[in-house]
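# Observations on the three-dimensional arrangement
Below, each chain spelled out in residue letters.
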Amino acid sequence: MRKVAIIGAGSVVFCKTLMLDIMATPELQDTEFALMAPSKRRTPQVEAFAKRVIAENGLPSKVWVTTDRREALDGADFVIATFQIGGVKAFGYDYQIPYDHGVDQCIGDTLGPGGIFRALRSIPVTMDMAHDMEELCPDALLLNYVNPMAMICWALGKTNVQFVGLCHGVQTTMDLISGYVDVPKDEIDFLCAGINHMGWFLKLEHEARDLYPLLRERFEDPAYYANEKVRGEALRHFGYFMTESTGHLSEYLPYFRKNQKALDVYCDEPGFGGETGAYYQWCKMVEERFEGVDMLADEPTELPRRSVEYGSYIIEAMETDRQFKLNGNVINGGMITNLPADCCAEGPVYVDRLGLHKTVVGDLPSQCAALNLTNINVQRLAVEAALSGDPEQIVHACALDPLTAATLTLKEIRGMAADMLEAEKQWLPQFEGKTIRPTPTITIPEGIERAEVPVDPALAILARFGELLD
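Presented here is a report on the structure given in the accompanying data block. (Residues numbered from 1 in each chain as written. Predicted model: local features only at pLDDT ≥ 70, side-chain atom pairs only at ≥ 80, totals over all residues. Heavy atoms only, no water.)

### Describing the overall build of the protein
Scanning the protein for helices and strands turns up 19 helices and twelve strands. For a compact globule of 470 residues, the expected C-alpha radius of gyration is about 23 Å, and the protein comes in at 24 Å, within 12% of that figure. Counting the 470 residues in the protein, one finds 52% classified as buried. Long-range contacts, defined here as pairs at least 24 residues apart, represent 70% of the contacts in the protein between residues at least 6 apart. As displayed, the protein offers around 20,900 Å² of accessible surface, 52% of which is attributable to carbon and sulfur atoms. (Helix = DSSP H or I, 4+ residues; strand = E, 2+ residues; numbered from the N terminus. Rg over C-alpha atoms; globule rule 2.2 N^0.38 Å. Buried < 20%, exposed > 50% of the residue type's maximum accessible area, 1.4 Å probe, protein only. Contact = heavy atoms within 4.5 Å. Areas by Shrake-Rupley, 256 points an atom, 1.4 Å probe, with all protein chains shown as cover.)

Now the structure itself:
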């Protein structure tokens, strides 16, 4: 019997989905699930539901709950990470404080001030978990679902743990593309690569026919364009379709949320279509509505078809040698040759009994790589901040964020980061006793006598031309 440890099993609905996927796979039904969360506020609901499924379907699966991460990890064959450090309360700070400073986020879990601080909270816990794995289950594969995906996986790359970061952006985007080009999803051949939440569909073909001319034509039609303005604009100006919707993508580029005019034009759809604070408001509503309620009490126990999540298919491939292809998040290491080798890249990965096998994509189109790099720069600085505990590196990460830099001055960015660090310090032990250095505005009195310093050569040349013209 294989052991699957789920760290962060208080994520009730997602944990249920992953467990049902595994139990719905005949070759994986003899699985022992160790459900771990820091408290037993929600995990007993998942345990009770899983036991009902097991009993009513006559499965050999087992399930148990613990608050001890080491107990859950001990001897595990697979580890699934789904935790969120700080919960909705911390998420509220991630959204509200930047908003008060002028940075408007819709999702706030991948990049921007929200994504950076989510990484600062999550990376230390991730590293502790990884070190436990190195000791207690050194051969286990970690399936990471924790966001911000690229930053978490970048940090994991500094450990000896086998891991892959998983997201459903590619699968769900293929559903959209299928609808846009009127071709069944499973008949489309595609190649997608880049970084998490900014992966580029480099090839889209049906029976050797390039689907891009039709897709580009459709996005010139207002009836199609209206559904995905931001992703449509990226396609129109940069030439390729990517994996994230308007709510997400509008945060990763500097063009779409930097002022009210841009918001009105591109982010006017409700909810995740671009609405301010949509994801936080949704999470807050769910928490308040289901506080103290067993969300799974009335859930059907019949085994469903597997979801689009990759997790069960990866475990199946490694257990049965039934090869599976996915788009996974791994340390780049030459997979995408014009992105940094040490960053976390997302691209085609094959899985079989021997493990994970990256494929070499080569160079992305230059403009696509350049846009990825604007996000990779932030990811690098955020990971360094999380691991070093240096508060100045928080400022550096925020200052390089495309949306924040398009909206605020450096001084304003520093003030925002300082307020976030103060509000979230209970979840940021690596910064204990530290604050962000203030940089007061320097006032230049009228008529000040300037210090004698060497003249900038460009100014000197301009001055000399002025003298000659006189």
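The discussion continues.
### A closer look at the side chain of Gln-393
Note on placement: Gln-393 falls in helix H16 (residues 391-400). For Gln-393, a relative accessible area of 14% gives the class buried. Within the structure, the side chain of Gln-393 is placed 3.3 Å from the side chain of Glu-384, a separation counted as a polar contact. In this view, Gln-393 contacts Leu-381, Glu-384, Ala-385 and Ser-388; residues no more than four positions away in its chain are not counted. (Polar contact = N/O pair within 3.5 Å; in protein donor to acceptor, adjacent residues only side chain to side chain.)

### Remarks on the packing of aromatic side chains
A full pass over the atoms with the stated rule returns 20 aromatic pairs. When the centroid spacing of 5.9 Å and the interplanar angle of 55° are considered together, the rings of Phe-190 and Phe-201 count as tilted. Placement of Phe-190 in strand E7 (residues 189-195) and of Phe-201 in strand E8 (residues 198-206) is noted, with a sequence separation of eleven residues between them. Ring geometry for Phe-256 versus Tyr-266: centroids 5.0 Å apart, planes at 80°, classification edge-to-face. Taken together, the positions of Phe-256 in the loop between helix H11 (246-252) and helix H12 (260-266) and Tyr-266 in helix H12 put the pair ten residues apart, joining distant regions of the chain. Among the aromatic residues, those joined into a cluster by ring pairs are Phe-91, Tyr-95, Tyr-99, Phe-272, Tyr-279, Tyr-280 and Trp-282. Over the ring of Phe-91 we find Arg-118; its NZ or CZ atom is 4.8 Å from the centre of that ring. When the ring centre of Tyr-313 is taken as origin, the NZ or CZ atom of Arg-306, which lies over that ring, is 3.9 Å away. (Phe/Tyr/Trp six-rings, centres within 6.5 Å; stacked < 30°, edge-to-face > 60°. Lys NZ or Arg CZ within 6 Å of the ring centre and 35° of its normal.)

### Considerations on the environment of Asn-160
Topologically, Asn-160 is positioned in the loop between helix H6 (149-156) and strand E6 (162-165). Linking Asn-160 and Asp-139, residues 21 residues apart in sequence, is a C-alpha distance of 9.8 Å.

### Details of helix H14 (residues 311-320)
With seven of its ten residues buried, H14 lies for the most part within the structure. Listing the buried residues of H14 in full gives Gly-311, Ser-312, Ile-314, Ile-315, Glu-316, Ala-317 and Met-318. Once H14 ends, the next one or two residues include Asp-321, with phi positive near 70°.

### Notes on the pairing of strand E1 (residues 2-7)
Note on strand geometry: in a regular strand, side chains alternate between the two faces of the sheet. Counting buried positions over the six residues of E1 gives six, a clear majority of the element. Of the two faces of E1, the one holding Arg-2, Val-4 and Ile-6 and the one holding Lys-3, Ala-5 and Ile-7 are both buried throughout. Traced from E1 through helix H1 (residues 12-23) to strand E2 (residues 31-36), the parallel crossover comes out right-handed. Here E1 runs beside strand E4 (residues 78-81); their pairing, made up of four bridges, is parallel. Each residue of the ladder has a partner; that of Ile-7, found in E4, is Ala-81. (Right-handed = clockwise from strand over helix to strand, strands pointing away. Pairing = 2+ DSSP bridges.)

### Some points on the side chain of Asn-329
If you trace the backbone, Asn-329 turns up in strand E10 (residues 324-331). A distance of 2.9 Å separates the side chain of Asn-329 from the side chain of Glu-346, its partner in a polar contact.

### As for unusual backbone geometry
The amide bond that connects Asn-147 to the next residue, Pro-148, takes the cis arrangement and shows omega of 0°. With respect to the element layout, Pro-148 can be found in the loop between strand E5 (141-144) and H6. A positive phi angle, close to 70°, is found at Ala-208, a residue other than glycine. In this structure, Ala-208 sits in the loop between E8 and strand E9 (209-210). Judged by relative accessible area, which is 71%, Ala-208 ranks as exposed.

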